[in-house]
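Working through the structure, step by step
Read off the chains here:
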Amino acid sequence: MTDRVDADAAESLAERVESGDLRLYELEEHADADTAAAARRLVVTNHSGADLDTTGEYAFPAEQAAGSNIENMIGAAQIPMGVAGPVSIDGGAFSGETYLPLATTEGALLASVNRGLSVIDASGGATARVTKKGMTRAPVFRTSGIAESQALAEWTRDNTDLLREAAESTTMHGKLLDVTPYVVGDNVFLRFRYDTADAMGMNMVTIATGEACDVVEEETDASLVALSGNMCTDKKPAAINAVEGRGRSVTAEATLPREFVEETLKTTPEAIAEVNTRKNLIGSAKAGSLGFNAQVANVVAAMYLATGQDAAQVVEGSNGIVSVEAREDGLYAAVSLASIEVGTVGGGTKLPTQAEGLDVLGIRGGGDPAGSNADALAECVATGALAGELSLLSALASRNLSSAHAELGR
Ligand SMILES: CC(C)(COP(=O)([O-])OP(=O)([O-])OC[C@H]1O[C@@H](n2cnc3c(N)ncnc32)[C@H](O)[C@@H]1OP(=O)([O-])[O-])[C@@H](O)C(=O)NCCC(=O)NCCSC(=O)C[C@@](C)(O)CC(=O)[O-]
Ligand SMILES: NC(=O)C1=CN([C@@H]2O[C@H](COP(=O)(O)OP(=O)(O)OC[C@H]3O[C@@H](n4cnc5c(N)ncnc54)[C@H](OP(=O)(O)O)[C@@H]3O)[C@@H](O)[C@H]2O)C=CC1
């Protein structure tokens, strides 16, 4: 932020970086975080010619981000944020009426979610439930061969309490739920699954699992190769997350009277159901997609950005199946998201605009009981995803997807 910057100090730091006297990432050791960021902007501007004035116009002290959220900070990438709703949600954790905050650069997205929420709300609101939870970390161990691999799998099943004691010694909030061994020749993957309360939990479970791995190495002949062995699976498309779930598995559903479908969505329950079957189910199956939906990733990404979630986890956030049934009096629709990895404490949630996004939902910080705020956030994301599906399926059914984007998105 420019009014907190010592301009002379920034210039001198930039010169020291350019002369090789200082590393770019060392500047916070020599100045406050805003001045360090300004010095980096000068270095980058001198190097590239890019004008970074707008990047430097951020609305929070740099020290709130530098250190725990970013290294080599030069400013902020600002993304427009809007709201859709309000909508009533009858959830296991969230109960009441709320606007949903969404940050995006895609025109027509908020209009779409807004339309979906308006028809859901007019129809009595959404029902949502978290049906399973657990954040995973799966280290890979090397053994001498299949006999030792089998023995390690058995040892793990017999000694889960020992592993739990080690893992939980590193955290006040994390609870080890189970450890599942997977054997591939001389590789053993131990998939640790934790209740992480209101944190998304990746730092928490990585630290806890590291401690448990020390016990495995002390008590068996196996050697740890990598603390993450990709059976977790974090930030990659993976069937295990779609089948077993990761973070929160959550469903939102609504039943829409026929007249509301016709008035607001400009189509019929039967037409929406046909698009869902032919596109979301058959089309996705033919394509080998893990997401049996149209645009779940759009809503997940926009709500993750607005509330301080880890944007890379949109990959598994898009594992969702849409079920739609045309009934005599209207339409039943549900979106089941297998792996929504969200938190209301930790990570990016403490940054000011992201915390404000959580405030819109009324769920900033730790919940009472623990975990209830993160459950509530998952239910809100699922409700937004349901709205996005209803609106987009309807736009496809009534053939106005391209005209909507021509009007709002260009
Ligand atoms: C654009 C609409 C909503 C128009 O839909 P419409 O029915 O023509 O609009 P309307 O003017 O009759 O208004 C109906 C309601 O929509 C909302 N609405 C309407 N306009 C706005 C606006 N400007 N701002 C906020 N809300 C708006 C609002 O709730 C309004 O009710 P009201 O409040 O007036 O009683 C509709 O055509 C639509 O939803 N189209 C689909 C667009 C969409 O879903 N885009 C998402 C991105 S697509 C993509 O990225 C993924 C894709 C497609 O590649 C994935 C795939 O392969 O499937
Ligand atoms: N390390 C890794 O491999 C990866 C890290 N990440 C990053 O990890 C971060 C998220 O990790 P995460 O562990 O969630 O966050 P943090 O590392 O910010 O830790 C959150 C901590 O908050 C404490 N806490 C306070 N109140 C609560 C509460 N009500 N519920 C739960 N915890 C509470 C816990 O401390 P205590 O444990 O003492 O109870 C918890 O460990 C993100 O920045 C993400 O980008 C993402 C992917 C991989």
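First, a word on what this report is: a plain description of the structure on this page. (Residues numbered from 1 in each chain as written. Chains lettered and ligands numbered in written order. Predicted model: local features only at pLDDT ≥ 70, side-chain atom pairs only at ≥ 80, totals over all residues. Heavy atoms only, no water.)

**Overview of the pairing of strand β1 (residues 81-91)**
- Bridge analysis of β1 against strand β2 (residues 95-103) gives eight bridges, and the strand direction is antiparallel. The residue of β2 that forms the bridge with isoleucine 89 is glycine 96.
- Here β1 folds back onto β2, and the loop between the two strands holds three residues.
- With three bridges connecting them, β1 and strand β3 (residues 126-137) associate as parallel partners. Looking across to β3, one finds that isoleucine 89 is bridged to alanine 126. (Pairing = 2+ DSSP bridges. Helix = DSSP H or I, 4+ residues; strand = E, 2+ residues; numbered from the N terminus.)

**With respect to the packing of aromatic side chains**
- The full count for this structure, using the stated rule, is two aromatic pairs.
- When the ring of tyrosine 58 is compared with that of phenylalanine 60, the centres are 5.4 Å apart and the planes differ by 45 degrees; the resulting orientation is tilted. Note on accessibility: tyrosine 58 and phenylalanine 60 belong to one class, buried.
- Here the aromatic rings of phenylalanine 192 and tyrosine 194 are separated by 6.5 Å at their centres, their planes lie at 15 degrees, and the arrangement is stacked. Of the two residues, phenylalanine 192 and tyrosine 194, neither departs from the other in class, the shared state being buried. (Phe/Tyr/Trp six-rings, centres within 6.5 Å; stacked < 30°, edge-to-face > 60°. Buried < 20%, exposed > 50% of the residue type's maximum accessible area, 1.4 Å probe, protein only.)

**A look at unusual backbone geometry**
- Residue proline 86 follows glycine 85 across a cis peptide bond; omega there is 5 degrees.
- Structurally, proline 86 can be placed in strand β1.
- Within the chain, alanine 197 stands out as a residue other than glycine whose phi angle is a positive 55 degrees.
- For arginine 399, which is not glycine, the phi torsion reads 60 degrees and is therefore positive.
- With respect to the helices, strands and loops of the structure, arginine 399 is situated in the loop between α13 (372-397) and α14 (401-408).

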